[in-house]
Amino acid sequence: MAAFEPRPELARCLDSLARQQSREALETIVADGTGEIARSMAAKYPAVRFLHFAQACGKPQLLSRAMEQACGSIVAVTEPYCCFPADWVEKLCCAHQSEFAVIGGAVEYDGAETLAGWACYLADYGAFMLPAERRVTALLAGNHISYKRILLAGASDLWSEGYFKIFLLRDLERRGCRFLFEPELVITYASAPKWREFARQYYRNGSEFAATRTRHFSRAARLAHIVTTPALPLLLLFRRMRAVWGKRRNRGQLVRSIPLLALFVLCWSAGEFRGYLWGAAYFTHSWRIAEKGRD
């Protein structure tokens, strides 16, 4: 996982991983985006590997570097706001005895009963809440996804410059890999950010996503995405609402969250627009700002 602050949610996540009942060896790696996490938490969690890099990095770059250093036969990607039941590793190993190269699971909400908390959860992970069926799909939660290590070793060119789940899965699918959603694998998510912070992060994520896409775009394709981006908010909002409404759970929370969900997808779309405009130059510009912030 990648993290930028030593928040209580990270400690909660690490504690849940330390309580795993499985006898399988578990290696936990936290890519520390600031250096503050290792300084404040390394003593309490000596079994956790805290990675810190002198050069400023975004979340995709931190995750790719952590994945490069992972040694396990299964590599799972998550985030600090998640908690894992004690039998999670055992179930994950059993699931990976199948032929599927990539396996994801369900994500349930366990955060504060606030409008902002529910909106942040529904924006990213509402489509992965229970009930759900076991199915072959490329739609997997970014905070609950795992890969066979041998698969990643043969596809490092796809994520060496930054880990973006959607791009990696697309390329793996072209290579004939199959992905599984396994509802027996369940983790909980407790969102901590305030809605303003979440919206800003959505904007940054949208910018990085679009800037990465432009590396493989022709000028015509890039222009087409710039022109059509204004229509994106309605499409993204519709997809999120449809995915949650079909679950027949938490519909009231969904309806109350619509204003914030609309804001979040608008921020993402604005970020995409910026990323398409800047292209790969976006990363150099953003990292320079991050370096100035450190100074």
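Our subject is the structure that appears above.
This is a predicted model, so every value here is computed, not measured. (Residues numbered from 1 in each chain as written. Predicted model: local features only at pLDDT ≥ 70, side-chain atom pairs only at ≥ 80, totals over all residues. Heavy atoms only, no water.)

Enquirer: Just checking my understanding: could you explain the overall build of the protein for this structure?
Expert: In terms of regular secondary structure, the protein is built from twelve helices and nine strands. For the protein, the C-alpha radius of gyration of 19 Å lies close to 19 Å, the compact-globule estimate for 295 residues. Reported as C-alpha extents along the three principal axes, the dimensions of the protein are approximately 55 × 50 × 40 Å. Among the 295 residues that make up the protein, the fraction classed as buried is 50%. Here the analysis covers contacts within the protein between residues at least 6 apart in sequence; of these, 79% occur between residues at least 24 apart. As presented, the protein carries roughly 14,600 Å² of accessible surface, and 56% of it is formed by carbon and sulfur atoms. One finds the centroid of the 39 positive side-chain charges in the protein at a distance of 6 Å from the centroid of its 28 negative side-chain charges. (Helix = DSSP H or I, 4+ residues; strand = E, 2+ residues; numbered from the N terminus. Rg over C-alpha atoms; globule rule 2.2 N^0.38 Å. Buried < 20%, exposed > 50% of the residue type's maximum accessible area, 1.4 Å probe, protein only. Contact = heavy atoms within 4.5 Å. Areas by Shrake-Rupley, 256 points an atom, 1.4 Å probe, with all protein chains shown as cover. Lys, Arg positive; Asp, Glu negative; His and termini not counted. Charge placed at Lys NZ, Arg CZ, Asp CG, Glu CD.)

Enquirer: Explanation requested: a positive patch on the surface in the structure shown.
Expert: A cluster of basic residues, Lys 194, Arg 196, Arg 200 and Arg 204, forms a positive patch at the surface. With respect to the helices and strands, Lys 194 occurs in the loop between strand 9 (179-189) and helix 8 (195-213). (Patch = residues over 30% accessible without salt bridge, like charges linked within 9 Å, V, L, I, M, F, W, Y side chains within 5 Å. Salt bridge = Lys/Arg side-chain N within 4 Å of Asp/Glu carboxyl O.)

Enquirer: Mind showing me how you'd approach the layout of surface pockets here?
Expert: A probe as big as a water molecule, rolled over the atoms, marks out the empty space that is left. Within this model, the second largest pocket holds a volume of roughly 560 Å³. Around the second largest pocket, the lining comprises 24 residues; the ones closest to its centre are Leu 26, Glu 27, Ile 74, Val 75 and Ala 76. Where the lining of the second largest pocket is concerned, the elements lending two or more residues are helix 3 (59-69), strand 4 (74-77) and helix 4 (88-95). Its residues assigned to classes, the lining of the second largest pocket shows 18 nonpolar, four polar and two charged. (1 Å grid on protein atoms, 1.4 Å probe; cavity = no way out; pocket = protein on both sides within 12 Å on 5 of 7 lines; lining within 4 Å. Points joined across faces, edges and corners; volume = space filled by probe spheres on them. Nonpolar A, V, L, I, M, F, W, Y, C, P; charged D, E, K, R; others polar.)

Enquirer: Help me out: how do you make sense of unusual backbone geometry in this one?
Expert: Most peptide bonds are trans, and most residues other than glycine sit at a negative phi. Omega for the peptide link from Leu 130 to Pro 131 comes to 0°, which places this bond in the cis form. Along the chain, Pro 131 falls in the loop between helix 5 (115-125) and strand 7 (135-136). Even without being a glycine, Arg 248 presents a positive backbone phi close to 60°. In this structure, Arg 248 sits in the loop between helix 10 (232-245) and helix 11 (251-278).

Enquirer: Quick question: what am I supposed to make of the pattern of salt bridges here?
Expert: Pairing between side chains of opposite charge can happen when the charged atoms of each approach one another. In the structure shown here, the tally under the stated rule is ten salt bridges. For Arg 12, the salt bridge is made with Asp 110, and the minimal N-O distance between the two is 2.9 Å. Note that Arg 12 is positioned in helix 1 (residues 8-18) and Asp 110 in the loop between strand 6 (102-109) and helix 5, a separation of 98 residues in sequence. Assessed through its relative accessible area of 34%, Arg 12 is described here as partly exposed. Residue Asp 110 is classed as partly exposed on the basis of its relative accessible area, which comes to 41%. Here Glu 108 makes a salt bridge to Arg 249, at a shortest N to O gap of 3.2 Å. Here Glu 108, found in strand 6, pairs with Arg 249, found in the loop between helix 10 and helix 11; they are 141 residues apart in sequence, far enough to count as distant.

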